[in-house]
Amino acid sequence: MTQSLKTTVLAQAQMLDFYRQMTLIRHFEERVVELFGKGLISGSTHPCIAQEAIAVGAIAAVSREDQVLATYRGHGQMLAKGGDPKKIMAEILCRGTGYCKGKGGSMHLCDPEIGFLGTNAIVAAHIPIAAGVALANKIRGNGLVTLCFFGDGASNEGVFYETANMAALWRVPLVMICENNGFAISVPVEKAVSVKDIAVRAQAFGFPGEAVDGNDVLQVYEITRKAVERARRGDGPTLIECKTVRWERHSAISAGKYASREEMKRWQKTDPIPRFRAHLADTVRVSGAQLESIEREAREVGDQAVEFALQSPPAAESELAEDIFA
Ligand SMILES: Cc1ncc(C[n+]2csc(CCOP(=O)(O)OP(=O)(O)O)c2C)c(N)n1
């Protein structure tokens, strides 16, 4: 762990934007869980509730053109990359107005226009894809950097190691961001990972790895900014492990069914949003009225996204065979 929330100095406007994004993602995800409970979402959906600081802090360190790849728990990352909340919600509800015309759903969100190269339902499958994107950037000499988000469980998959080796060997501009939320479905990280910090695994491949407090948006921003600079300079990949807590169960199907009340209370103390709010109020001296106005606006944007999606027609039957690779 390097530094705490209190020591990073950023422009107030940028910090307020972090808060706006985090509150939007939280409200958006709460509405997704609610819609799932009403049977309006087909298949499965995996909320990133409590992990908002990672998406917001890390993605703030890259430009619109830089690329992001994420997992099925990736709604927050797409919002942070500048995705339109209406089109994301429409895709989650499989509507024709969604980013992938309703054919992808919650786990297959994509928009190359904003450098969001997709969420992926197969654990770790996008890690080598991200390295391929980074290699293409290097060959083209376009100066772009690729961020790849994945879970602690994914860091046990063989492709993680193969990718780490090749990314280091070829010094590709890749930042590997492990969201260690303590669980892979129901398996606690202590029972599946042999080391205390997943970040140390980078050492085996000769590139830097650092563990940070993933519930501290400023710390995530700062560490990613340095990794992105390193990648742009041509010095190769970095592994960042963001330690966080998944307080919901794995997917929305069992949302709210915590292991125990005590555990839930302990986990919720780590919530990145009230923590950052307190920092903004106490240290940055943002007024309560201003924070409330940001929260109100986030709720409105999330609710408008739901309205838009619910009013949109489903994917048209006549288009079912379009945009498909066979
Ligand atoms: C290759 C593969 N194996 C198994 C699964 C089933 N599965 C879906 S999510 C998941 C757990 C992944 O945990 P982690 O990487 O820690 O990410 P988290 O869900 O905690 O964000 C598993 C095993 C899958 N989708 N793909």
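Everything below is about the structure printed above this text.
None of the values given here were measured: they were computed from a predicted structure.

Visitor: Would you take a moment to explain the overall build of the protein for this structure?
Guide: Secondary structure summary: the protein contains 10 helices and 8 strands in total. Over its C-alpha trace the protein gives a radius of gyration of 19 Å, about what one expects of a compact globule, namely 20 Å for 326 residues. Considering only C-alpha atoms, the protein reaches an extent of 55 × 50 × 40 Å along its principal axes. Here the protein, with 326 residues, has 52% of them falling under the buried criterion. Within the protein, residue pairs in contact and separated by at least 24 positions form 75% of the contacts whose partners lie at least 6 positions apart. Accessible area for the protein stands at about 14200 Å²; split by element, carbon and sulfur atoms hold 54% of it.

Visitor: For this particular structure, what's the right way to read the pattern of salt bridges?
Guide: Two side chains bearing opposite charge may form a pair once their charged atoms approach each other closely. Tallied over the entire structure, the rule returns 18 salt bridges. Between K38 and E34 there is a salt bridge, with its nearest N and O atoms 3.3 Å apart. Its relative accessible area of 32% is what places E34 among the partly exposed residues. Ionic pairing is found between E241 and K243, a salt bridge with its closest N-O pair at 2.9 Å. Take E241: its relative accessible area is 0%, and that puts it in the buried class. Because the salt bridges share partners, they merge into one network encompassing R31, E34, K38 and D303.

Visitor: Quick question: what am I supposed to make of the packing of helix 1 (residues 12-37) against helix 9 (residues 272-282) here?
Guide: When two helices pack together, you describe them by how their axes are tilted relative to each other and by the distance separating the axes. Two numbers describe how helix 1 lies on helix 9: the axes approach to 10 Å, and their chain directions differ by 155°. In terms of orientation, helix 1 and helix 9 fall into the roughly antiparallel class. Helix 9 is crossed by helix 1, and the crossing has left-handed handedness. Side by side, helix 1 and helix 9 meet where M15, L16, F18, Y19, M22, T23 and R26 of the first sit next to P272, I273, F276, R277, H279 and L280 of the second. Partitioning the contact of helix 1 with helix 9 into residue classes produces 9 nonpolar, 2 polar and 2 charged.

Visitor: Can you walk me through the environment of C48 in this structure?
Guide: Note on placement: C48 falls in the loop between helix 1 and helix 2 (52-59). The class for C48 is buried, based on a relative accessible area of 4%. Put simply, C48 and G76 are 28 residues apart on the chain and 6.6 Å apart in space, counted from C-alpha to C-alpha. Sequence-distant contacts of C48, defined by excluding residues within four places in its chain, comprise I25, E29, R73 and G76.

Visitor: What exactly am I supposed to notice about a nonpolar patch on the surface here?
Guide: Together, M166, L169 and W170 line one region of the surface with nonpolar side chains, adding up to about 320 Å² of accessible area. Summarising the element assignment, M166 is placed in helix 6 (residues 158-169). Given the relative accessible area of 36%, M166 is considered partly exposed.

Visitor: How should the pairing of strand 3 (residues 146-151) be read in this particular structure?
Guide: Each regular strand carries side chains that alternate between the two faces of the sheet. Counting buried positions along strand 3 yields 5 of 6 residues, so the element is predominantly enclosed. When strand 3 meets strand 4 (residues 174-180), the two strands line up parallel, connected through 6 bridges. By the bridge assignment for strand 4, C148 is matched with M176. For the crossover from strand 3 across helix 6 to strand 4, the handedness is right-handed.

Visitor: Help me out: how do you make sense of the site of the ligand in this one?
Guide: The immediate surroundings of the ligand are formed by 15 residues, with Y72, R73, G153, A154 and F183 found nearest. In this structure, an oxygen atom belonging to the ligand sits 3.3 Å away from a main-chain N or O atom of D152. Between the ligand and the protein, one listed contact pairs an oxygen atom with a backbone N or O atom of F183 at 2.9 Å. Compared with its free state, where it exposes 580 Å², the ligand has 72% of that area covered by protein.

Visitor: How should the nonpolar core be read in this particular structure?
Guide: In summary, soluble globular proteins display a tendency toward joint burial of nonpolar side chains. In terms of nonpolar packing, the biggest core is built from 64 residues, with M89, L147, F149, F276 and L280 touching the most fellow members. No other element matches the 11 residues that helix 1 contributes to this core. Setting aside anything within four residues of it in sequence, one finds L147 in contact with A58, I59, V62, Q67, V68, L69, V175, I177, T224 and V228. Counting 23 residues, the second largest nonpolar core, distinct from the first, contains A130, F150, A164 and V193.

Visitor: Help me understand the sheet that holds strand 2 (residues 116-120) in this model?
Guide: In a beta sheet, neighbouring strands are held together by backbone hydrogen bonds and run either parallel or antiparallel to one another. Ordered by their spatial adjacency, 6 strands build an open sheet running 2-1-3-4-8-7, and the pairing between neighbours is parallel. Every interior strand has two partners, whereas the edge strands, strand 2 and strand 7 (209-213), have only one. Across the sheet, the axes of successive neighbouring strands diverge by a mean angle of 15°, strand direction being ignored. Docked against the sheet, helix 2 engages strand 1 (67-71), strand 3, strand 4 and strand 8 (238-243), running at close to 165° with respect to strand 3. In this fold helix 7 (residues 217-233) packs onto strand 3, strand 4, strand 7 and strand 8, with an angle of close to 170° to the strand it touches most, strand 8.

Visitor: Help me out: how do you make sense of the packing of aromatic side chains in this one?
Guide: How two aromatic rings sit relative to each other is given by the distance of their centres and the angle of their planes. Tallied over the full model, the rule gives 5 aromatic pairs. Centroid distance F160 to Y161: 4.9 Å. Interplanar angle 90°. Geometry classified as edge-to-face. Overall, the relative accessible area of 2% leaves F160 in the buried class. Given a relative accessible area of 27%, Y161 falls into the partly exposed group. Among the aromatic residues, those joined into a ring-pair cluster are F150, F160, Y161 and F205.

Analysis parameters
- Residues numbered from 1 in each chain as written.
- Predicted model: local features only at pLDDT ≥ 70, side-chain atom pairs only at ≥ 80, totals over all residues.
- Heavy atoms only, no water.
- Helix = DSSP H or I, 4+ residues; strand = E, 2+ residues; numbered from the N terminus.
- Rg over C-alpha atoms; globule rule 2.2 N^0.38 Å.
- Buried < 20%, exposed > 50% of the residue type's maximum accessible area, 1.4 Å probe, protein only.
- Contact = heavy atoms within 4.5 Å.
- Areas by Shrake-Rupley, 256 points an atom, 1.4 Å probe, with all protein chains shown as cover.
- Salt bridge = Lys/Arg side-chain N within 4 Å of Asp/Glu carboxyl O.
- Axes fitted to C-alpha atoms, helices over the stretch in contact; angles between N-to-C directions.
- Parallel < 35°, antiparallel > 145°, perpendicular 65-115°, else oblique.
- Left-handed = near helix turned anticlockwise from the far one by under 90°.
- Nonpolar A, V, L, I, M, F, W, Y, C, P; charged D, E, K, R; others polar.
- Patch = residues over 30% accessible without salt bridge, like charges linked within 9 Å, V, L, I, M, F, W, Y side chains within 5 Å.
- Pairing = 2+ DSSP bridges.
- Right-handed = clockwise from strand over helix to strand, strands pointing away.
- Near = heavy atom within 4 Å.
- Polar contact = N/O pair within 3.5 Å; in protein donor to acceptor, adjacent residues only side chain to side chain.
- Core = buried A, V, L, I, M, F, W, Y, C linked by side-chain atoms within 4.5 Å.
- Phe/Tyr/Trp six-rings, centres within 6.5 Å; stacked < 30°, edge-to-face > 60°.

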